[in-house]
Each structure stands twice: as structure tokens, then as C-alpha cells.
Protein chains: 2
Amino acid sequence: MENKMTATTEKLDAVLQNVDAHLDTSVSRLFELLRIPSISTQPAHAADCRKAADWMRHELESLGMKADIRDVHWAAPGHPMVVGHDKGTKGKDERPHVLFYGHYDVQPTDPESLWKAPPFDPQLIEEPSGRKVIVARGASDDKGQVMTFLEACRAWKQVTGSLPVKVSVLLEGEEECGGSNLFPFLKANAAELKADVALVCDTSMADRKTPGITTSLRGMIAEEVLIQCASHDLHSGLYGNAASNPIAVLCQALATLRNAEGGVTLPGFYDGIQEPAPATRAQWSKLFPNDQSLLDEAGLSVAAGEKAYSAIEQTWCRPSCEINGISGGYEDEGFKTVLPAKAMAKVSFRLVPGQDPDRIREAFRNHIRAALPSDARVTFTGHGGSPGFEVSRDSRFLAPALKALTDEWGVPAATVGSGGSIPVAGEVRDALGLDALMIGFAQNDDRIHSPNEQYGLDSFHKGIRSWVRVIAALADAG
Amino acid sequence: MENKMTATTEKLDAVLQNVDAHLDTSVSRLFELLRIPSISTQPAHAADCRKAADWMRHELESLGMKADIRDVHWAAPGHPMVVGHDKGTKGKDERPHVLFYGHYDVQPTDPESLWKAPPFDPQLIEEPSGRKVIVARGASDDKGQVMTFLEACRAWKQVTGSLPVKVSVLLEGEEECGGSNLFPFLKANAAELKADVALVCDTSMADRKTPGITTSLRGMIAEEVLIQCASHDLHSGLYGNAASNPIAVLCQALATLRNAEGGVTLPGFYDGIQEPAPATRAQWSKLFPNDQSLLDEAGLSVAAGEKAYSAIEQTWCRPSCEINGISGGYEDEGFKTVLPAKAMAKVSFRLVPGQDPDRIREAFRNHIRAALPSDARVTFTGHGGSPGFEVSRDSRFLAPALKALTDEWGVPAATVGSGGSIPVAGEVRDALGLDALMIGFAQNDDRIHSPNEQYGLDSFHKGIRSWVRVIAALADAG
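Nothing here was measured: the structure is a model prediction, and the numbers come from that model. (Residues numbered from 1 in each chain as written. Chains lettered and ligands numbered in written order. Predicted model: local features only at pLDDT ≥ 70, side-chain atom pairs only at ≥ 80, totals over all residues.)

1. A look at the overall build of chain A
Let me state the cut-off plainly: Segments assigned H or I by DSSP are reported as helices when at least four residues long, segments assigned E as strands when at least two residues long, and all are numbered from the N terminus. Only C-alpha atoms enter the radius of gyration, while the globule expectation follows 2.2 Å times N to the 0.38, with N the number of residues. Partly exposed residues are those falling between the two cut-offs: more than 12 but fewer than 20 other C-beta atoms within 10 Å of their own, whereas 20 or more means buried and 12 or fewer means exposed, with C-beta atoms placed from the backbone. Any pair of residues counts as being in contact when their C-beta atoms, constructed from backbone geometry, are within 7 Å of one another.
Counting its secondary structure elements, chain A contains 15 helices and 18 strands. The globule rule puts the C-alpha radius of gyration for 478 residues at 23 Å, and the 24 Å found for chain A is close to it. Dimensions of chain A, computed from the C-alpha atoms along their principal axes, are close to 85 × 50 × 50 Å. Counting across all 478 residues of chain A, residues that qualify as buried make up 58%. The contacts of chain A with a sequence gap of at least 6 include a subset with a gap of at least 24, amounting to 78%.

Structure below.
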């Protein structure tokens with residue numbers, strides 16, 4: 001062990017210098033990828049998703065990996081997986097084997113009018129503070145983050161000719177559309193994808209200066225609700241009062257999802273949830289002594305949800321209910337006195353460990369059904385469905401990875417929660433028996449899923465350097 | 001009087017025969033007008049509105065009237081008025097002088113996908129029952145109805161060379177967009193437009209077989225409500241729970257506009273309202289012995305509003321509150337876990353006599369303001385604003401007009417209410433001191449304001465014949 005540690009540590013400085021020297025070409029490669037509008041939820045962009053997958057396959061091959069595109073067929077939309085294995089991953093040497101996961105698909109770009117530049121025309125912009133940021137859809141979520149790992153591999157290969165760990169890569173194209181092909185794909189290819197640990201780069205730093213490994217994630221269920229009353233749109237003068245209004249029905253049903261204390265009212269919603277450990281709460285309250293640092297970035301001043309929890313606790317370890325979209329009647333300029341036939345809402349629940357996605361989906365549907373007058377019909381369309389997740393603290397890779405991040409950033413790395421839902425962490429555990437180390441360099445003000453999504457050039461640069469160090473640390477921990 | 005009555009009555013049969021003989025060319029003229037997409041609420045169609053005004057001016061001139069287009073400048077959007085006077089309206093002969101009002105603008109056409117043919121490509125379709133209907137946006141509201149009157153004038157002129165009453169015509173282009181130029185226009189041109197009675201053709205029959213004169217109308221205020229919380233769209237994972245959700249805020253505020261009994265909750269909303277007279281209620285309950293005839297046409301089975309009133313009472317003499325549109329977050333295909341920065345709703349109130357539009361607008365705004373959490377801001381945009389209206393029963397023209405309608409349809413004509421808002425009736429009273437006879441031939445299943453708007457060929461044909469008779473009756477009542 002002693003010799004091996006010395007051997008990789010000696011090379012580390014040279015690899016880090018290689019990263020610094022080639023940052024411009026690393027950015028150029030990322031820009032190529034960002035130009036592909038791989039919006040997975042919109043059928044019109046299916047060919048772009050395949051184009052992004054193909055770009056990724058080529059990228060893995062350029063790193064000396066054996067890579068290919070795998071069609072998936074369990075559920076629509078069926079955007080393909082990209083799988084790559086570095087040379088020697090099947091070998092019998094002692095190097096630990098990592099499975100890196102990321103996704104090449106991105107969110108829709110609406111409202112387009114709020115983008116300062118076209119969302120798929122990446123820009124490197126210098127902010128008034130002097131900080132440089134990469135602006136494009138997917139810059140942070142997840143193309144920029146994926147490329148931090150691949151560029152770290154490139155640097156190791158350029159300097160040493162090989163990687164100190166065995167590397168397999170799995171990139172999916174349905175992360176942003178609640179696709180359900182990942183888990184069956186993992187199960188069907190378990191023998192091939194089995195490794196010693198999974199690495200996931202799709203999360204944020206603890207704060208702007210503090211690196212973090214995310215050890216808990218919220219799961220999610222999402223539901224589209226369509227309420228229909230009359231057989232066709234009506235004139236609100238001729239029918240107003242007497243005909244059921246589906247927008248009003250929908251508002252009534254949605255307005256009672258939370259109580260006055262900010263809690264979700266569905267029966268059994270909080271069953272099975274553990275409070276966070278006091279030590280964890282203490283660590284978080286040190287990172288976020290008040291709610292303002294989170295809310296300021298959103299232009300808000302008061303935490304809206306459960307009054308008994310801080311804003312960071314609300315997003316890292318408490319389940320939520322949000323209305324993500326609503327639509328009905330006349331939405332354009334001016335006024336139209338229509339009494340519409342239907343109205344639609346999109347509602348999602350972020351879940352924490354202990355909550356059962358299926359039971360909560362059914363409780364939500366029952367809540368809506370109970371609110372319907374006799375002339376209203378409802379149609380539900382389910383999207384996604386993943387439980388909350390907590391990483392095992394026992395992984396032998398956790399401490400070395402925290403140490404590597406601490407070395408790069410000069411600040412003790414923290415274990416944090418994330419309000420987002422990254423189903424892969426639970427799925428690699430359930431399908432492959434692997435712990436997942438979730439290491440990411442995004443910032444809360446990256447505007448992911450929003451117009452003008454960005455990724456700091458510092459996130460990208462120090463992210464690559466971080467992975468160079470983590471790869472070395474995992475090799476030593478092998 | 002005796003001689004004059006005989007004189008007009010003798011000619012009546014010949015004029016009615018002329019209507020029957022030229023129905024095809026009357027339909028062709030209406031189709032020309034229906035091809036002009038004069039959607040007044042959409043700025044992109046401003047030129048089409050002017051085109052429709054010009055078509056109308058030309059039509060009035062072809063009837064031998066002196067007609068012109070008058071620009072209006074009191075408020076946007078400023079679609080022009082068309083004014084025409086038949087020869088001799090300034091003369092000193094004894095003929096009564098009528099001012100006919102209609103509008104050449106139409107509602108938007110969304111959702112376009114539900115139209116069986118393009119909305120501005122009028123079709124004459126034979127239904128399975130054998131009834132023929134004209135399908136196009138504006139077929140019923142109000143282009144088809146306006147043309148019933150003008151075609152009646154044409155028939156009188158073709159047969160007798162003149163009209164038995166003095167006729168002035170006023171056609172506006174802002175009826176469907178809550179325009180506020182009509183009243184100042186009437187005031188500014190009161191000397192020119194003053195007549196003995198106003199005729200308005202923008203209402204429905206009492207039922208499919210019973211002609212009606214509408215003697216009460218609901219007024220309306222309309223409000224657009226924009227709720228803004230965060231400074232930009234947020235990721236619902238990173239902010240869900242902790243950030244105010246403007247869709248949820250909006251749903252909460254709108255859900256409390258009605259109570260469990262279907263009543264509107266705004267303080268003072270029902271102040272000043274008179275119950276309908278027992279005789280009126282009796283007449284209506286004879287026309288509509290149950291709610292089903294109204295609801296069936298909408299594909300509904302249960303009246304939704306105030307439980308103490310029948311469906312027809314709810315729409316003819318009770319005020320309403322309807323959400324006409326709602327919008328926020330991600331509304332497209334698939335799912336996007338956005339926590340949006342803003343949400344919008346369009347809400348209108350139909351008012352009955354006794355209610356003060358300004359006070360109710362303010363009560364609504366206060367209701368919304370009171371529902372806002374501290375991080376939510378609201379912007380209101382007011383549309384329209386007219387009180388409810390009741391026609392004087394004392395008009396010497398009412399009974400002759402009812403008699404003329406009874407003669408044409410073979411069923412006693414009824415005095416009815418209308419749930420719609422036709423501000424002109426109140427405005428001609430207030431600006432010109434005129435009673436308005438509201439006579440229309442629309443049916444509740446005309447789908448006005450909805451896809452596949454239609455006007456029965458029977459409505460159009462017997463509507464023209466009805467006006468031929470009403471014109472004669474008014475001449476005799478002069």
C-alpha cells in the first residue's frame with residue numbers, strides 16, 4: 001500500500017498541471033456538447049438526444065475507452081444509454097473499479113425570451129465581479145459536470161498513459177424526463193456494470209467555497225392532472241355560475257394540499273420519516289447560520305414551507321409538494337370570457353427516505369378525486385417515481401474522497417443533503433449493490449432548469465482538478 | 001295611424017317573399033364578412049379589424065346609406081366605429097327613428113386544433129338532423145346577427161324603395177376586448193346618434209323555438225392577476241418547500257372566492273341586488289322546467305353555482321365569478337420540475353343591476369392582496385367594467401316588437417334575461433337617453449367564444465324575416 005500511494009501521489013502534481021495547461025481545449029470540447037439541444041422530454045428533440053449520445057460515445061473512444069450506444073426498450077421515450085469501459089477494467093490487477101454516471105440530456109428552455117443568448121449557443125461571460133461563467137442550457141446540469149470527470153481522465157492518460165483506477169462510464173438520456181429505463185438497464189447489465197463504487201457528478205457544492213459529498217437525496221413522484229367538466233368551452237356569460245369551472249375545481253383541489261403551517265395535508269405523508277441526526281443539523285446550521293444565503297439567490301426573503309425547519313433543512317431532509325405548472329382557459333394577451341372545458345396542473349412531490357412513492361401517489365390521487373364535483377372528471381398521468389436515498393456512511397471510499405476535496409479547495413469538505421432527485425443513487429444500490437459517491441461542483445445560483453443556466457469556469461476547472469485528486473485517492477484506498 | 005298601419009302591413013308579405021328568394025345571396029354576403037379575422041383583443045389583427053370596418057361601411061353604402069368610418073382615440077386598442085344613416089333620417093316626417101347597434105369584431109380562436117375547419121373559412125354544414133348551420137368564428141357573435149338586420153333593410157329597400165322607419169347604424173369593433181371607447185363616442189356624438197329607440201342584435205332566443213326580447217343583462221368586470229415570487233424560475237428540488245410558489249399562492253387566493261354553497265365570498269358582493277319578480281320567475285320556470293335543457297347542451301348534469309337558484313336564474317339574474325384563464329410554470333408535454341417565478345389568472349365577474357363595478361373590483365383586489373405571503377407581489381390589469389342592466393318595461397316599442405316576433409315564430413315571444421354582458425344597452429341609455437330592444441336569434445349551442453362557433457341557417461333566415469316584421473311594427477307604433 002505504501003509504495004502504491006507514493007507512486008500515484010508523485011504523479012498528481014504533473015496531472016494537475018496538465019489540467020491547468022489545457023483548460024481552454026477542455027472548455028472548447030464542453031462547448032461542442034452544449035451546442036446539441038438534447039431536450040429529452042420533447043419528442044421533437046429525440047434525434048438531438050441520439051446526437052448527444054453519439055458525441056459522448058466518440059468522446060469516450062477518444063479517451064481510449066471501448067464505448068458504444070445501447071438502445072433501451074422498456075419504456076418511452078427510449079433515449080439510448082452510452083456505456084464505456086477503459087482498457088483493463090476486466091483485468092485482475094488490484095486497482096479499484098469505479099462506475100461513473102452522468103446524463104447527456106437537458107431540460108426544456110422555456111421561456112426562451114428570458115435567455116440573454118440562445119440556450120444552445122454557449123457563451124463564456126465575465127461577470128462584474130471578474131468571475132467567468134459558462135452560460136448555456138446544460139452548462140451545469142449535467143453536461144459541464146460530466147465533462148469534469150472525463151477531462152480528469154484525459155489528463156491522467158495524457159501524463160501517465162493510464163488511469164490509476166479501473167473506469168467504466170454510464171451516461172443516460174432520460175434523467176430530465178422522468179424516464180424509467182435506467183433501472184431495468186442496470187439490472188439487465190448488472191454483470192457488466194458491477195464495480196467497487198459508483199461516482200455521480202450531478203450535485204452542488206456545500207456552499208460557494210466548501211466542497212461537499214451529497215449523502216442524502218430526495219426522491220420524487222410527479223403527476224399530471226387533467227380536469228374536464230363541460231364537453232366544450234362555454235361562454236362565461238351564458239353559463240357562468242351554473243356550469244362547473246375546471247380551473248376553479250383544480251384551484252380548490254390544489255389549495256388544500258398544504259395547511260397553514262406549511263405542512264402537506266395528504267394522509268400518511270410524513271409516515272416513516274426520520275428526523276436528521278443532531279450532529280448533521282449542527283453541521284448544516286454552521287454552513288447556513290440563517291435562511292438568507294439560500295433565499296437571497298432566489299430574490300426571496302422569507303422561507304415559505306414548514307415553519308419548524310430552517311430553509312436548508314426544508315430542502316435537504318424534508319419532503320415537499322410543488323405545483324410545477326398550471327394551464328387552462330385563455331392565457332394570451334387581452335381577455336376572453338371563456339368558461340373552459342378543461343384545466344391541467346403538473347404537481348410533484350420530493351420524497352425523503354422512509355416515504356413510499358406508490359402510497360403517496362395514491363394519496364394524492366385520492367385527494368384530487370375527493371375534491372371533484374359530480375360533473376368533473378379527472379385523468380392522471382404519472383411521471384417518475386423514486387424514493388428518497390441515503391448513502392451508507394460505511395463506504396471505505398467516503399473518507400479518502402472527502403480528503404481529496406479538502407486538499408483541492410483548502411476548506412474541510414462537508415457531507416450534505418440535496419433537495420434534488422437523482423434516482424441513479426438508489427438504483428445502483430438496488431441493482432448493482434454499489435454505494436454512490438455524489439460529488440458535484442454546481443452552485444445554487446447556476447439557474448439549472450431556468451433561463452441563463454450557467455456553470456462557473458471555476459467550478460469546471462477546479463472540478464476537473466478535484467476528480468484528478470479523487471481518482472488518486474480512490475486508487476490509494478483500493 | 002290607421003292608414004299608415006295598413007300601408008306597411010300590405011307590403012309586408014312582398015318583403016318577406018323577397019327575403020326568402022334571396023337567402024343564398026344573403027348567406028354569400030355573410031360569408032365574405034366571416035372571412036375577415038377581426039379578432040379585436042389581439043394587436044396582430046388590428047388591420048383585420050379595420051378591414052372588417054371598411055367592409056361594413058361599404059355594405060351600408062350599398063344599402064343606400066351615408067356611411068363612414070370614425071377613428072376613436074379615448075383608449076387603446078382604438079378599433080374604429082362604423083356609422084351609417086339612411087336617407088331622410090334628418091327629415092321631419094313622422095317615421096320613428098331607430099339606432100341599430102352591432103359589433104364587427106370577434107373572439108380569439110384558440111384552441112385552433114379543435115376546429116373542424118379553419119375558423120375564418122365559413123362552412124354551411126348539414127347536421128344529421130337535417131338542420132343547416134353556418135360554422136365560423138363570428139357566425140353567431142355577432143356578424144351573423146348584425147347581418148339579419150341589414151339584410152332585412154335590404155329587402156325593404158328592394159321591394160319598396162325605402163324603409164318604413166328612419167335607420168341609423170352604429171357598428172363597433174371593441175365589444176369582444178372590453179374596449180372603453182364606446183361610451184365616450186356615444187357622448188361625443190349624442191346629437192347625431194339620438195333616435196327614438198335603440199335596436200341591439202347580440203342576444204339569444206328564449207329557447208330553440210321561442211323568440212325573446214332580452215330585458216335584463218349582466219354587466220362585467222374582468223381582472224388579470226399576475227403573482228410574482230422569486231426573481232427567476234427555480235429548480236423545485238433545490239428550492240421546493242422553502243421558496244414561495246406563485247401557482248400555489250394563486251390557487252389559494254382563487255379557491256376562496258366561493259363558499260361551499262356556491263356563493264361569492266367578497267364582502268358586499270350581493271349588496272343592492274333585487275330578487276327577480278315572482279311573475280318573471282314563473283315565466284322562466286315555464287320555459288325551463290328543470291336545469292337539464294341548459295346543462296345538456298354543455299354536456300353537464302348538475303348546476304354548479306348557488307344552490308338556492310335554478311340554473312337559468314343563476315345565469316339570467318344572479319352575479320357570477322369565473323376564472324377564465326390560468327397559466328404558470330411548465331405547461332408543455334412531459335414534465336419539468338420548475339418552481340416558477342410567476343403565475344397568472346384571468347378572472348371575471350358578471351354583475352346584475354344594483355352591483356357597483358368599481359366597488360367589486362376593489363373588493364376582488366383586496367381579497368387577492370390579503371392572500372399574499374410576504375414574498376409575493378401582485379400586479380392587476382383591469383379589463384372592462386359595466387354594471388348590470390334592466391330595460392324599462394314602459395317603452396312603447398316593446399309590445400309591438402314582441403307581437404312581431406310572435407307572428408314570425410308562431411309561439412308567444414318571451415321577455416328573458418341574459419347572462420352575457422352587452423354594455424351598449426346601458427350606455428345608450430346613459431349617453432343618449434334611449435331604451436334598447438335587444439332582439440337576437442342565437443341559440444345556447446351556438447358555441448360562441450368556443451371552437452366551431454355556429455349560427456343556424458334557420459336563425460339567420462327567420463332572423464331576417466323577424467326584423468322585416470319588427471321594422472314594420474315599429475313604424476306602426478311610431
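After that view, the rundown keeps rolling.
2. With respect to the relation of the copies chain A and chain B
We count it as follows: We superpose the copies by least squares over the C-alpha atoms of residues that have a pLDDT of at least 70 in both of them.
The two copies are related by a screw operation: chain A maps onto chain B through 180° of rotation and 0.0 Å of translation along the axis, at an RMSD of 0.1 Å. The two molecules are tied by a two-fold rotation axis, judged by turn and shift. In this assembly the copies share their binding face: 100% of the residues contributing to the interface of chain A also contribute to that of chain B.

3. Focus: the sheet that holds strand β14 (residues 377-386) of chain B
Our working rule: Strands are labelled as partners when DSSP assigns at least two bridges between them. To obtain an axis, a line is fitted to C-alpha atoms, over the contacting stretch when the element is a helix, and the angle between two such axes runs from 0 to 180 degrees between their N-to-C directions.
Spatially, β14(A)-β9(A)-β13(A)-β11(A)-β11(B)-β13(B)-β9(B)-β14(B) is the arrangement adopted by the eight strands of the open sheet, whose pairing is antiparallel. Two strands close off the open sheet at either side, each with one partner strand: β14 (377-386) of chain A together with β14 of chain B. Taken over all neighbouring pairs, the strand axes of this sheet differ in orientation by 20° on average, direction set aside. Of the strand pairs in this sheet, strand β9 (residues 219-228) of chain B and β14 of chain B are connected by eight bridges, and their pairing is antiparallel. Residue Glu-224 of chain B lies in a different strand from β14 of chain B, and its bridge partner there is Thr-381 of chain B. Packing of helix α8 (residues 246-255) of chain A onto the sheet brings it into contact with β9 (219-228), β11 (320-329) and β13 (342-351) of chain A together with β11 (320-329) of chain B, and relative to β13 of chain A it is tilted by some 20°.

4. Some words on the interface of chain A and chain B
As a reminder, the rule being used: Residue polarity is assigned by list, with Asp, Glu, Lys and Arg as charged and Ala, Val, Leu, Ile, Met, Phe, Trp, Tyr, Cys and Pro as nonpolar; anything else, Gly included, falls into the polar class.
Opposite the 81 residues of chain A that make contact, chain B presents 83 residues. With nine residues, the single largest contributor to the side of chain A that touches chain B is β11 of chain A. Here the residues of the side of chain A that touches chain B sort into 32 nonpolar, 36 polar and 13 charged. Examined bridge by bridge, β11 of chain A and β11 of chain B share five bridges and lie antiparallel to one another. Residue pairing for β11 of chain B: Ile-326 of chain A is matched across the bridge by Gly-328 of chain B.

5. Here we look at the packing of helix α13 (residues 398-409) of chain B against helix α15 (residues 457-477) of chain B
Residue and element names in this part refer to chain B. Inclusion rule: If you view the pair so one helix is near and one far, a crossing is left-handed when the near helix is turned anticlockwise from the far one by less than a right angle, and right-handed when it is turned clockwise.
One can describe the packing of α13 onto α15 by two numbers: an axis separation of 8 Å at closest approach and a directional angle of 145°. Pair α13 / α15 crosses with right-handed handedness. Facing α13, whose interface residues are Pro-400, Ala-401, Lys-403, Ala-404, Leu-405, Asp-407, Glu-408 and Trp-409, α15 presents Lys-462, Arg-465, Ser-466, Arg-469, Val-470, Ala-472, Ala-473, Leu-474, Asp-476 and Ala-477. Each residue belonging to the contact of α13 with α15 can be placed in one class, and the counts come to ten nonpolar, one polar and seven charged.

6. Concerning unusual backbone geometry
Residue and element names in this part refer to chain A. The peptide bond linking Ala-76 to Pro-77 adopts the cis configuration, its omega dihedral lying at 5°. Considering the arrangement of structural elements, one finds Pro-77 in the loop between β1 (66-70) and β2 (81-85). At the junction of Asp-141 and Asp-142, the peptide bond is cis and its omega measures out at 5° in the coordinates. With respect to the helices, strands and loops of the structure, Asp-142 is situated in the loop between β5 (132-135) and α4 (143-160). Despite not being glycine, Asn-241 shows a phi value in the positive range, around 100°. Within the secondary structure, Asn-241 is located in the loop between α7 (236-239) and α8.

7. Section: the pairing of strand β8 (residues 212-217) of chain A
Residues and elements named next belong to chain A. Burial of β8 is extensive: six of the six residues sit out of reach of the surface. When β8 meets strand β16 (residues 414-418), the two strands line up parallel, connected through five bridges. Across the sheet, the residue bridging to Ile-213 is Thr-415, located in β16. Relative to strand β17 (residues 436-439), β8 is paired through two bridges, and the arrangement is antiparallel. When the sheet's bridge partners are listed, Thr-214 is paired in β17 with Met-438.

8. Thoughts on the nonpolar core
As a reminder of what qualifies: A set of buried Ala, Val, Leu, Ile, Met, Phe, Trp, Tyr and Cys residues, joined through C-beta atoms within 7 Å, is what we mean by a nonpolar core.
Grouped together as the largest cluster of nonpolar side chains are 294 residues, with contacts concentrated most on Ala-401, Val-468 and Ile-471 of chain A together with Ala-401 and Ile-471 of chain B. With sequence-adjacent residues up to four places away left out, Ile-471 of chain B is seen in contact with Ala-152, Trp-156, Leu-163, Pro-164 and Val-165 of chain B.

9. Section: the sheet that holds strand β4 (residues 123-126) of chain B
Within a sheet, adjacent strands bond to each other through the backbone by hydrogen bonds, running parallel or antiparallel. All names here are of chain B. The strand order β4-β5-β18 describes an open sheet built from three strands, whose pairing is antiparallel. Every other strand in the sheet has two partners, leaving β4 and β18 (454-456) as the edge strands with one partner each. Each strand axis lies, on average, 30° off the axis of its neighbour in the sheet, ignoring direction. By the bridge criterion, three bridges tie strand β5 (residues 132-135) to β18 in an arrangement that is antiparallel. Looking at the pairing, Val-133 lines up with Gly-456 of β18. Sitting on the sheet, α15 touches β4, β5 and β18, and the angle it makes with β18 is about 55°.

10. Digging into the domain arrangement of chain A
Residue and element names in this part refer to chain A. Cut-off, in case you're wondering: All domain edges in this entry derive from an automatic or database-based domain assignment.
The assigned domain composition of chain A is domain 1 (2-217 + 388-477) and domain 2 (219-273 + 319-386). Taken residue by residue, the interface counts eight residues in domain 1 and eleven residues in domain 2. Partitioning the side of domain 1 that touches domain 2 into residue classes produces two nonpolar, five polar and one charged.

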